[in-house]
Amino acid sequence: MNFELSEEQTMMADAVKKFVTNASPVTRFRALRGTETGWDPKAWATMGEQGWLAVSFPEAHGGYGGTFIDNALILEQLGRGLVPEPYIASVVLAGALISRLGSQAQVDTFLAPMLEGRTSLALAYAEKQSRYELADCETTATRSAGGYVLRGTKLWVLNGHAADTVVVAARTSGTSRDKAGLSLFVVDGDAPGLERTRVHGMDGQSTALLKFNGVEVGADRLLGAEGAALEHLEWAIDRGAAAACAEAQGELAELLTLTVEYIKQRKQFGRAIGSFQVLQHRAADMFAEVELCKGMMILAALQVDDDADKRKVAISSAKVQLQTGGWFVQENSVQLFGGIAVTDEQDVGLYFKRVRVLQGLFGDADYHVDRYQSLPSFEGEAL
Amino acid sequence: MDMSFTPEQNAFRDEVRAWIVKALPENLRHKADNGGHFEHEEILEWHKILAAKGWAAPHWPKEVGGTGWDVAQRHIFGEELIRASAPPLSPFGLTMVGPLIIQFGTDEQKKRFLPRILAGEEIWCQGYSEPNAGSDLASLQLRADKDGDDYILNGQKTWTTYAQYADWIFVLARTNATGKQQEGISFLLADIKNTPGIEVKPFLTTGGTPAFSETWFDNARIPQANRVGPENKGWTMAKALLGHERTSIGGVAETARWLSIIRRIARDTLVGGKPLMEDSAFRRRLAKVEIRYRTVGMANMRTLAAAQLGHAPGPESSILKIAGTELQQEATELAMDALGHNAMGWFDSPTEAMPEYQLWLASNFNYLRAATIYGGSNEIQKNIISKMILGLPQA
């Protein structure tokens with residue numbers, strides 16, 4: 001048991017922090033949020049050059065053999081500047097699945113260029129009716145002479161509007177909600193029959209609605225074994241949840257800092273409002289929740305690769321804390337700022353919205369409380 | 001970073017678990033399996049068993065009778081004690097004054113006090129609060145006037161937990177009435193049983209037990225050699241001690257025990273002919289409390305791991321006190337709700353009315369309302385965070 005960072009990890013986190021402070025403060029996000037892509041390929045390439053996209057992948061796949069902790073440390077810093085590049089979509093979700101399940105050819109073709117920041121990826125799994133249930137998949141992949149034909153609609157695809165390559169979940173057998181019969185396919189972003197519609201998000205970032213109108217893919221585009229994708233998809237989405245906790249950690253810490261600085265200088269009734277005990281105690285509670293979130297972010301990051309039951313206990317616990325404790329920080333940062341917090345000009349609202357989006361991704365608190373109580377370990381003791 | 005246990009640590013866990021099973025005498029085992037309410041003599045019996053094994057104070061340095069275990073081992077040991085529902089030892093010597101004497105005491109004080117704390121030969125209590133000095137502790141009035149080599153104590157302490165069982169008391173006393181309040185306090189040790197002029201009057205709590213006492217000092221004479229740290233530096237001593245206390249006062253380990261009792265109640269209690277444990281609303285509620293337990297537990301582990309590396313617990317430990325005690329209360333509230341009618345019972349109810357393991361729950365539920373008040377009320381902890389960590393301006 002050890003919570004200290006290695007020297008390399010400390011240096012890397014410092015480098016990301018410097019990047020955010022100097023090259024990607026919130027003003028960069030503000031400038032990008034109205035644009036077509038919503039993020040900057042040049043910044044993405046820089047992140048690739050720095051090794052931040054490759055760090056957690058095995059050396060055989062062109063990575064540095066790190067762990068998810070490295071991803072979490074990077075995301076925490078990116079969150080501070082609301083950096084909009086598709087780290088979660090490319091690295092944490094689609095990239096990790098290709099590395100886990102892909103053939104050497106698939107890794108070379110689809111993963112390697114992303115690690116260098118030359119391409120970006122997306123994972124398409126959610127559908128209109130699915131909510132958070134990954135097996136609830138109506139998109140189908142039917143066998144054809146050359147491979148498979150994909151039909152169906154995916155929603156809320158992070159970076160789906162810009163990705164060069166999309167990993168998509170489709171049913172090769174069974175009916176909707178069957179646990180067996182799910183398969184993953186690697187599809188080109190510009191494949192004929194793939195219709196992409198950009199969907200603006202509350203947080204100023206974009207997702208996409210993807211229509212697969214009979215998209216033909218070769219048999220070499222099947223990722224992993226046919227019909228056996230569910231456990232891997234669950235694994236990837238749990239990484240997404242751990243990543244959401246990590247990115248949100250940076251945003252929550254920033255919200256606390258902004259709020260404390262503000263109540264120190266804002267004067268009413270002839271004195272700084274931060275001298276009022278009711279606000280001091282609120283701020284103290286916010287501090288406590290930020291620290292409690294931090295512990296759970298670490299726990300989640302440490303256990304993403306543990307056995308499924310242990311992993312789910314950790315991830316679900318962390319995700320619940322993000323939406324209970326984290327929400328307390330969000331709502332009170334706005335409350336303590338007062339009216340100006342609901343103006344677009346203030347950064348508070350931007351952080352508020354981004355964290356709320358992360359809370360709803362990869363299973364919200366209700367979903368995770370329910371999943372937690374359905375795990376076999378819940379019948380045992382808490383220890 | 002790493003959360004997993006090594007094969008050596010897992011072997012250590014097996015060793016500790018096996019030893020506890022063997023070492024816990026039959027009379028204590030019966031109580032452990034039936035709610036875990038222990039009388040003072042029973043706690044002392046277990047203290048002496050642990051001391052004979054050398055495991056009474058795992059967190060002390062090895063030179064003074066600690067185990068030399070690292071944080072992970074101490075954590076494992078703590079978990080195993082909870083798993084076995086072993087009697088919880090009195091914290092006032094082992095966790096509070098002991099570490100303070102180790103840190104600031106003279107060699108004579110270390111020699112005189114530490115071995116007896118360790119052995120369970122001398123039990124301690126705490127004399128901090130006074131009737132007019134609660135949250136505003138620095139305004140305390142117990143006077144310690146110098147007379148030759150002695151101090152003469154006059155005044156009153158209250159909330160002296162289990163003082164009726166104690167051999168010694170550590171007190172904060174006023175040695176200087178001028179200047180800043182915090183700078184006129186000294187940290188003194190008094191023989192509560194044998195010093196003429198000290199009188200202990202226990203009073204009943206809402207839990208139905210005499211857990212607290214008032215302690216009166218009427219020209220009680222104690223040697224100046226029983227002062228820990230320099231004169232008028234008692235406030236600094238108290239703050240150092242609070243740091244030691246706050247990591248344990250959150251009661252994370254006790255909450256784990258409550259969660260296990262709640263599960264037992266939920267398995268034993270029928271709702272519409274089915275165990276409460278199968279009720280989906282109840283399961284979600286239990287899941288939420290348990291997730292909060294994991295969250296506070298993780299914060300506790302981070303503090304312990306930092307302590308292992310030599311970082312003294314700072315004001316951050318206030319978080320553990322606040323979140324830990326709120327959680328402890330939430331767990332007791334859930335237990336009461338799970339009990340239904342049985343929550344009406346009391347520790348002397350007949351076992352035809354309710355099973356033995358449930359008898360003390362209502363008492364503990366009541367007693368633990370004090371958790372958010374003692375050890376520096378949670379509101380005081382928030383003052384500490386806003387001043388020491390957030391740097392917010394004084395009112």
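Residues numbered from 1 in each chain as written. Chains lettered and ligands numbered in written order. Predicted model: local features only at pLDDT ≥ 70, side-chain atom pairs only at ≥ 80, totals over all residues.

S.K.: What's the story with the overall build of chain B in this structure? I'm lost.
M.R.: On a plain count of helices and strands, chain B comes out with twelve helices and ten strands. A compact globule built from 395 residues should have a C-alpha radius of gyration of about 21 Å, and chain B, at 22 Å, falls within 12% of that. Considered along the principal axes of its C-alpha atoms, chain B spans approximately 75 × 50 × 45 Å. Put simply, chain B has 395 residues, and 46% of those count as buried. Across chain B, the fraction of contacts at a sequence separation of at least 24, relative to all contacts at a separation of at least 6, is 71%. (Helix = DSSP H or I, 4+ residues; strand = E, 2+ residues; numbered from the N terminus. Rg over C-alpha atoms; globule rule 2.2 N^0.38 Å. Buried ≥ 20, exposed ≤ 12 C-beta atoms within 10 Å, placed from the backbone. Contact = placed C-beta atoms within 7 Å.)

S.K.: Can you walk me through helix 5 (residues 87–101) of chain A in this structure?
M.R.: Residue and element names in this part refer to chain A. With 15 residues, helix 5 should reach 21 Å at 1.5 Å per residue; the first-to-last C-alpha distance of 20 Å fits that figure. Along its length, helix 5 reaches its greatest deviation from straightness, about 40 degrees, at G95. Most of helix 5 sits inside the fold, with 14 of its 15 residues counted as buried. (Expected span 1.5 Å × (residues − 1). Bend = angle between axes of the 7 residues up to and from the residue.)

S.K.: I would appreciate a short explanation of unusual backbone geometry in the present structure.
M.R.: Trans is the prevailing form of peptide bonds, just as negative phi is the prevailing case for residues other than glycine. All names here are of chain A. The backbone of R131 sits at a positive phi, close to 45 degrees, despite the residue not being glycine. By secondary structure assignment, the location of R131 is in the loop between strand 1 (121–124) and strand 2 (140–143). One non-glycine residue, N159, lies in the positive phi region at around 60 degrees.

S.K.: Sorry if this is basic, but what is going on with the interface of chain A and chain B here?
M.R.: Interfaces are frequently sized by the accessible area removed from exposure as the parts join. Counting residues at the interface gives 38 residues for chain A and 41 residues for chain B. Looking at the side of chain A that touches chain B element by element, the count peaks at 15 residues for helix 8 (residues 277–303) of chain A. Here the side of chain A that touches chain B is composed, by residue class, of 22 nonpolar, eleven polar and five charged. (Nonpolar A, V, L, I, M, F, W, Y, C, P; charged D, E, K, R; others polar.)

S.K.: Would you mind showing me how to read the domain arrangement of chain B here?
M.R.: Residue and element names in this part refer to chain B. With domains assigned, chain B is organised as domain 1 (7–89), domain 2 (123–232) and domain 3 (250–389). Using C-alpha coordinates to define each centre, domain 1 is positioned 21 Å away from domain 3. Taken together, the contact between domain 1 and domain 3 spans ten residues of the former and 13 residues of the latter. (Domains from an automatic or database assignment.)

S.K.: Help me out: how do you make sense of the domain arrangement of chain A in this one?
M.R.: All names here are of chain A. The domains assigned to chain A are domain 1 (7–119), domain 2 (123–228) and domain 3 (231–379). For domain 2 versus domain 3, the separation of C-alpha centres amounts to 30 Å. At the interface, eleven residues of domain 2 touch twelve residues of domain 3. For the side of domain 2 that touches domain 3, the class distribution of residues is seven nonpolar, three polar and one charged.

S.K.: Could you clarify how one ought to interpret the pairing of strand 2 (residues 143–147) of chain B in this entry?
M.R.: Strand residues, when the strand is regular, have side chains that alternate between the two faces of the sheet. Residues and elements named next belong to chain B. Of the pairings in the sheet, the one linking strand 2 to strand 3 (residues 150–157) comprises five bridges and is antiparallel in character. The partner of D145 across the bridge, within strand 3, is I152. The loop that links strand 2 with its antiparallel partner strand 3 comprises two residues; one of these, G148, has a positive phi angle of about 65 degrees. (Pairing = 2+ DSSP bridges.)

S.K.: Help me out: how do you make sense of the packing of helix 8 of chain A against helix 9 (residues 308–337) of chain A in this one?
M.R.: Angle between the axes and distance between the axes are the two parameters that describe a pair of packed helices. Residue and element names in this part refer to chain A. Between helix 8 and helix 9, whose axes approach to 8 Å, the crossing angle comes to 155 degrees. It follows from the interaxial angle that helix 8 and helix 9 lie roughly antiparallel. Two packed elements cross with a definite hand, and for helix 8 against helix 9 that hand is left-handed. Per-class residue counts for the contact of helix 8 with helix 9 are 16 nonpolar, six polar and five charged. (Axes fitted to C-alpha atoms, helices over the stretch in contact; angles between N-to-C directions. Parallel < 35°, antiparallel > 145°, perpendicular 65-115°, else oblique. Left-handed = near helix turned anticlockwise from the far one by under 90°.)

S.K.: Would you mind showing me how to read the environment of A362 of chain B here?
M.R.: All names here are of chain B. Along the chain, the position of A362 falls in helix 11 (residues 361–367). Using a count of 24 C-beta atoms within 10 Å as the deciding quantity, one classes A362 as buried. Here the alpha-carbon distance between A362 and R302, two residues 60 residues apart in the chain, equals 32 Å. Excluding its chain neighbours within four sequence positions, the residues that come into contact with A362 are A343, G345 and W346.

S.K.: Looking at this structure, I do not really get the environment of I249 of chain B. What am I missing?
M.R.: Residues and elements named next belong to chain B. Positionally, I249 belongs in helix 7 (residues 234–249). Distance from I249 to H311, taken between C-alpha atoms, is 18 Å for residues 62 residues apart in sequence. When sequence neighbours within four positions are dropped, the list of residues in contact with I249 reads K321 and G375.

S.K.: Explanation requested: the packing of helix 4 (residues 68–80) of chain A against helix 8 of chain A in the structure shown.
M.R.: All names here are of chain A. The interhelical angle for the contact between helix 4 and helix 8, taken along N-to-C directions, is 145 degrees, at an axis separation of 8 Å. The element helix 4 and its partner helix 8 pack so that their crossing is right-handed. Residues F68, I69 and A72 of helix 4 lie in contact with helix 8, whose contacting residues are M297, A301 and L302. Taken together, the residues of the contact of helix 4 with helix 8 break down into six nonpolar, no polar and no charged.

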